[in-house]
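Analysis of the macromolecular model
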Amino acid sequence: MIRAKLSSLLSPHLYRPTAPILSHFPSPQSSLHVSPRRGSLVEIIRSYSLLSLNDLRDKQPRKQKKRKGRGIGSGLGKTAGRGHKGQKARGTMKFGFEGGQTPMRRRLPKRGFKNPFSLTFQPVGLGKIAKLINAGKIDSSELITMKTLKDVGAIGKQIKDGVRLMGRGAEQIQWPIHFEVSRVTVRAKEAVEAAGGSVRKVYYNKLGLKALVKPEWFEKKGRLLPRPARPPPKQGDKVDSIGRLPAPTKPIPFITMKKEATLSV
Amino acid sequence: MSSKQKRLYSFLSRDCVSLAESFSSLKRDIVHRVVRWQLAKQQQGTHSTKTISEVSGTGRKPYQQKGLGRARHGTLRGPQFRGGATMHGPKPRSHAIKINKKVRRLGLKVALSARAGEGKLLVFEDLELPTHKTKNIVNFVKEMESTKKVLLVDGGTINGNLKLATQNLHYVNVLPSIGLNVYSILLHDMLVMSRDAVNRIVEHMHTPINR
């Protein structure tokens with residue numbers, strides 16, 4: 001016999017140290033043996049299992065295939081969804097051909113061009129940030145950078161060229177919070193400063209953003225973190241300062257004197 | 001016996017998904033996908049039919065187009081003919097589907113925790129038998145109620161006595177711990193493992209999946 005099994009041979013029931021779960025049983029037709037043993041331990045032996053091969057289904061039901069030309073009842077018999085006669089019924093017509101009439105794609109005018117230097121920023125509303133602070137996911141005593149926003153999930157998985165702080169839910173900000181983001185809207189900035197915080201617009205190029213958000217990628221490759229780049233002349237007015245690498249934790253305070261509006265690291 | 005089992009549950013609950021005791025919290029769809037993957041990769045896929053180029057016979061036009069009063073034909077091996085080709089028939093192919101390794105691992109965890117949650121998971125010190133007699137195993141299974149099939153999982157290679165004793169029983173199956181899979185777990189009501197097997201499985205679950 002298998003060793004250490006004698007005790008169970010003697011006892012008529014097998015011990016199951018699961019908690020009594022009578023309330024969870026859904027169907028009335030399951031036969032349930034409950035045998036109280038030694039007072040405290042109640043054992044339940046199910047007659048059907050929680051997970052069996054005949055009780056599996058996926059979340060998405062599988063779609064049926066369309067079988068054309070298989071009888072009247074299917075709805076796709078005889079002409080099989082092609083109507084009656086003509087070139088389309090007998091063969092294929094080129095997509096977008098309108099019988100010789102100028103097709104729509106030639107009737108409508110072309111427009112515009114694609115600017116290779118345009119920047120897209122991911123928007124985040126102040127209300128969302130307030131909600132995350134209340135939930136405890138963002139530490140409001142530290143500086144909030146684009147890295148913390150991405151890690152927490154405020155902007156999703158992609159940062160394209162940076163983050164733009166927007167004003168939806170601005171009235172929920174009541175404490176001083178310090179931000180370092182790419183762009184801010186006027187109202188969002190007013191709301192944050194009214195509560196006593198500060199917003200600093202920083203510049204990161206693509207490489208700098210990668211170094212900010214994923215410094216471990218550089219470590220894995222055995223490279224040092226790059227030096228943060230200064231903004232090109234066209235973007236110089238739109239930002240306050242150069243971003244710092246690695247992700248900073250303390251905000252740089254704005255000096256109200258006109259001499260120095262920006263500080264370099 | 002009960003102390004041994006208590007140790008088991010603290011062991012496994014560290015690694016399994018929370019021991020699900022109600023229906024809704026079990027991830028059935030994951031288990032469904034893993035079982036479907038297992039059965040699909042098992043398919044042999046050696047079904048084959050002949051297309052019109054493969055059916056033996058000539059491609060000559062059987063008779064002239066006009067003047068005979070018969071229907072027009074270009075070949076005697078078209079799909080409408082007896083002995084002709086099969087249109088869009090099956091060809092030998094693989095039915096295997098792809099499932100992420102992490103999903104496969106999660107399926108195993110869900111299956112194990114389902115069996116543990118309903119109390120159908122037993123762990124022994126080891127699964128060594130003194131004799132190769134089948135009678136002992138038969139008695140062991142008989143005295144467990146509401147169990148029709150038992151799966152014994154041992155650590156490394158299965159020892160000879162266990163193999164011989166369970167060989168002739170259709171309701172008892174033995175697997176080494178590497179062979180533990182969701183379909184087998186679901187197929188059998190009761191899962192009996194040795195401590196060595198549990199350790200190996202826990203270690204395997206902890207090794208990270210690398211690309």
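Scroll up to find the structure this text is about.
Here goes a summary of the coordinates provided.

Calculation criteria
- Residues numbered from 1 in each chain as written.
- Chains lettered and ligands numbered in written order.
- Predicted model: local features only at pLDDT ≥ 70, side-chain atom pairs only at ≥ 80, totals over all residues.
- Heavy atoms only, no water.
- Helix = DSSP H or I, 4+ residues; strand = E, 2+ residues; numbered from the N terminus.
- Buried < 20%, exposed > 50% of the residue type's maximum accessible area, 1.4 Å probe, protein only.
- Contact = heavy atoms within 4.5 Å.
- Areas by Shrake-Rupley, 256 points an atom, 1.4 Å probe, with all protein chains shown as cover.
- Pairing = 2+ DSSP bridges.
- Axes fitted to C-alpha atoms, helices over the stretch in contact; angles between N-to-C directions.
- Core = buried A, V, L, I, M, F, W, Y, C linked by side-chain atoms within 4.5 Å.
- Right-handed = clockwise from strand over helix to strand, strands pointing away.
- Left-handed = near helix turned anticlockwise from the far one by under 90°.
- Lys, Arg positive; Asp, Glu negative; His and termini not counted.
- Salt bridge = Lys/Arg side-chain N within 4 Å of Asp/Glu carboxyl O.
- Parallel < 35°, antiparallel > 145°, perpendicular 65-115°, else oblique.
- Nonpolar A, V, L, I, M, F, W, Y, C, P; charged D, E, K, R; others polar.
- Phe/Tyr/Trp six-rings, centres within 6.5 Å; stacked < 30°, edge-to-face > 60°.
- Lys NZ or Arg CZ within 6 Å of the ring centre and 35° of its normal.
- Arc of directions from axis to C-beta.

1. Notes on the overall build of chain A
On a plain count of helices and strands, chain A comes out with eight helices and nine strands. Put simply, chain A has 265 residues, and 32% of those count as buried. For chain A, the share of sequence-separated contacts (at least 6 apart) that also reach a separation of at least 24 residues comes to 48%. For chain A, the accessible area works out to roughly 19,200 Å², and carbon and sulfur atoms hold 53% of it.

2. Details of unusual backbone geometry
The omega torsion of the bond from Leu-245 of chain A to Pro-246 of chain A falls at -10°, within 30 degrees of zero and hence cis. Along the chain, the position of Pro-246 of chain A falls in the segment after strand 9 (241-242). A positive phi angle is found at Lys-78 of chain A, which is not glycine, with a value near 40°. Residue placement: Lys-78 of chain A occurs in the loop between strand 2 (41-45) and helix 2 (87-90). Residue class for Lys-78 of chain A comes out exposed when judged on its relative accessible area of 76%. Its identity as a non-glycine residue notwithstanding, His-88 of chain B has a phi of 50°, on the positive side. Relative to the elements of secondary structure, His-88 of chain B occurs in the loop between helix 2 (28-42) and helix 3 (101-117). In this structure His-88 of chain B comes out as exposed when scored by relative accessible area, which is 79%.

3. As for the sheet that holds strand 1 (residues 121-124) of chain B
Within a sheet, each strand pairs with its neighbour through backbone hydrogen bonds, oriented either parallel or antiparallel. Residue and element names in this part refer to chain B. Spatially, the four strands line up as an open sheet ordered 1-4-2-3, and their pairing is parallel. In the strand order of this sheet, the two ends are held by strand 1 and strand 3 (172-176), each with one partner. Each neighbouring strand pair of the sheet contributes to a mean axis angle of 20°, computed without reference to strand direction.

4. Considering the nonpolar core
Proteins that are soluble and globular tend to have nonpolar side chains buried together. Core analysis: the biggest nonpolar cluster contains 34 residues, and Leu-126, Ile-129, Met-146, Leu-149, Leu-165 and Phe-179 of chain A have the highest contact counts within it. Put simply, the parts of the chain that give this core at least two residues each are helix 4 (126-135), helix 5 (146-152), strand 5 (163-166), strand 6 (178-181), helix 6 (186-194), strand 8 (198-203) and helix 7 (206-213) of chain A. In terms of residue count, the dominant contributor to this core is helix 4 of chain A (five residues). Apart from the residues within four sequence positions on either side, Met-146 of chain A is in contact with Ile-155, Ile-159, Gly-162, Val-163, Glu-180, Val-181, Ser-182, Val-202, Tyr-204, Leu-209 and Leu-212 of chain A. By size, the runner-up hydrophobic cluster in this structure holds 33 residues, among which are Leu-108, Leu-151, Ala-197 and Val-198 of chain B.

5. Here we look at the pairing of strand 3 of chain B
Residues and elements named next belong to chain B. One ladder, built from five bridges, connects strand 2 (residues 150-154) with strand 3; its direction is parallel. Within the sheet, the bridge partner assigned to Leu-151 lies in strand 3 and is Asn-173. Taken together, strand 2, helix 5 (residues 160-167) and strand 3 form a β-α-β motif whose crossover is right-handed.

6. Section: the sheet that holds strand 7 (residues 183-184) of chain A
Residues and elements named next belong to chain A. Spatial ordering of the open sheet is given by 3-5-7, a layout of three strands whose pairing is parallel. Strand pairing shows two members of the sheet lacking a second neighbour, strand 3 (122-125) and strand 7, which therefore form its edges. Contacts from helix 4 reach strand 3 and strand 5 within the one sheet, and its direction differs from that of strand 3 by about 60°.

7. Re the packing of helix 3 of chain B against helix 7 (residues 195-206) of chain B
All names here are of chain B. Closest axis-to-axis distance for the helix 3/helix 7 pair is 11 Å, and the angle between their directions is 145°. Crossing of helix 3 over helix 7 shows left-handed handedness. Taken together, the residues of helix 7 that come into contact with helix 3 (itself represented by Arg-105, Leu-108, Lys-109 and Leu-112) are Ile-201, His-204 and Met-205.

8. Looking at the side chain of Arg-183 of chain A
Residues and elements named next belong to chain A. As for its position among the elements, Arg-183 is in strand 7. Of the buried charged residues, Arg-183 lacks a salt bridge, with Asp-161 as the closest side chain of opposite charge at 8.9 Å. Residue contacts for Arg-183: discarding those within four places in its chain leaves Leu-119, Phe-121, Val-163, Arg-164, Leu-165, Lys-201, Gln-235, Lys-238 and Val-239.

9. Here we look at the packing of helix 2 of chain B against helix 3 of chain B
The packing of two helices is summarised by the inter-axis angle and the distance between the axes. Residue and element names in this part refer to chain B. The contact between helix 2 and helix 3 brings their axes to 9 Å, and the two run at 115°. The angle between helix 2 and helix 3 falls in the class roughly perpendicular. As for the relative orientation of helix 2 and helix 3, their crossing is left-handed in sense. Each of Ile-30, Val-31, Val-34 and Trp-37 in helix 2 lies in contact with helix 3, whose residues at this interface are Val-103, Arg-104, Leu-106, Gly-107 and Val-110. Considering only residue class, the contact of helix 2 with helix 3 consists of seven nonpolar, one polar and one charged.

10. A word on the packing of aromatic side chains
Per the counting criterion, the structure on display carries two aromatic pairs over all chains. Each ring, one from Trp-217 of chain A and one from Phe-218 of chain A, has its centre 5.0 Å from the other, and the planes form 80°; the classification is edge-to-face. Residue classification places Trp-217 of chain A among the partly exposed residues on the basis of a relative accessible area of 27%. Given the relative accessible area of 4%, Phe-218 of chain A is considered buried. Above the ring of Trp-217 of chain A, the side-chain terminus of Lys-210 of chain A is found at 4.2 Å from the ring centroid. The ring of Trp-37 of chain B has Lys-41 of chain B sitting right over it, with the charged end atom 4.8 Å from the ring centre.

11. A closer look at the pattern of salt bridges
This structure, assessed with the given rule, holds ten salt bridges over all chains. The partner of Asp-55 of chain A in a salt bridge is Arg-57 of chain A, with the nearest N and O atoms 3.3 Å apart. Its salt-bridge partner being Lys-91 of chain B, residue Glu-54 of chain B comes within 2.9 Å of it at the nearest N-O pair. Of this pair, Glu-54 of chain B sits in the loop between helix 2 and helix 3 while Lys-91 of chain B sits in the loop between helix 2 and helix 3, placing them 37 residues apart in sequence. Using a relative accessible area of 40% as the deciding quantity, one classes Glu-54 of chain B as partly exposed.

12. Some words on helix 6 of chain A
All names here are of chain A. For helix 6, the set of buried residues is Ala-188, Ala-191 and Val-192. Looking straight down helix 6, one finds that the buried residues subtend no more than 95° of arc, so they occupy a single side. Along helix 6, exposed side chains directed more than 90 degrees from the buried face belong to Val-186, Arg-187, Glu-190 and Ala-194. Where the residues of helix 6 are buried, they touch helix 4, strand 5, strand 6, strand 7 and strand 8.

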